[in-house]
Amino acid sequence: QVQLVESGGGLVQAGGSLRLSCAASGRTLFNYRMGWFRQAPGKEREFVARISRSGSSTYYADSVKGRFTISRDNAKNTVYLQMNSLKPEDTAVYYCAARSLLTGSNVAGDYDYWGQGTQVTVST
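Everything numeric here is computed off the predicted structure, so don't read it as measured data. (Residues numbered from 1 in each chain as written. Predicted model: local features only at pLDDT ≥ 70, side-chain atom pairs only at ≥ 80, totals over all residues. Heavy atoms only, no water.)

A. The arrangement of the packing of aromatic side chains in detail. Inspection of every chain in the model, using the stated rule, returns six aromatic pairs. Aromatic side chains Tyr-95 and Trp-114 sit 6.3 Å apart centroid to centroid with 80° between the ring planes, which places their arrangement in the edge-to-face category. Of the two residues, Tyr-95 is situated in strand S9 (residues 92-99) and Trp-114 in strand S10 (residues 113-114); the sequence distance between them amounts to 19 residues. Residue Tyr-95 is classed as buried on the basis of its relative accessible area, which comes to 15%. Residue Trp-114 is classed as partly exposed on the basis of its relative accessible area of 27%. Ring pairs connect the aromatic residues Phe-37, Phe-47, Tyr-95, Tyr-111 and Trp-114, which therefore count as one cluster. The positively charged end of Arg-45 is found above the aromatic ring belonging to Trp-114, 4.7 Å away from the centroid. (Phe/Tyr/Trp six-rings, centres within 6.5 Å; stacked < 30°, edge-to-face > 60°. Helix = DSSP H or I, 4+ residues; strand = E, 2+ residues; numbered from the N terminus. Buried < 20%, exposed > 50% of the residue type's maximum accessible area, 1.4 Å probe, protein only. Lys NZ or Arg CZ within 6 Å of the ring centre and 35° of its normal.)

B. Layout of the pattern of salt bridges. This structure, assessed with the given rule, holds four salt bridges. Among the salt bridges present, the one from Lys-65 reaches Asp-62, with a minimum N-O distance of 3.3 Å. Neither residue differs from the other here; Lys-65 and Asp-62 are each classed as exposed. Note that Asp-90 and Arg-67 form a salt bridge whose closest N and O atoms lie 2.8 Å from each other. (Salt bridge = Lys/Arg side-chain N within 4 Å of Asp/Glu carboxyl O.)

Below, the structure written as structure tokens:
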């Protein structure tokens, strides 16, 4: 029902910034709660941030709170993740995900659609 494509990843030095984008096609983005997850080699996929359908409510993992900002532009069918003050431990593949149910969730298994992921590497 919806296809997601992430972009904006790359290699940055510690302390730098990146903005990830998630472009959606198919149904309008307003139908979905959206989340960002990340997965490092050998580790489980972990929650990073999520946002309500209207964009009025946002939630963050403690590890990124104060550094990352999730936002959405439903008119453009796009979700963003602004990442500032990046640390080497932020290195991972970042995934955009969509949840069709009304309530929010921090659990990867509760999301219905996933993008292919974009690599973020932070060096020092």
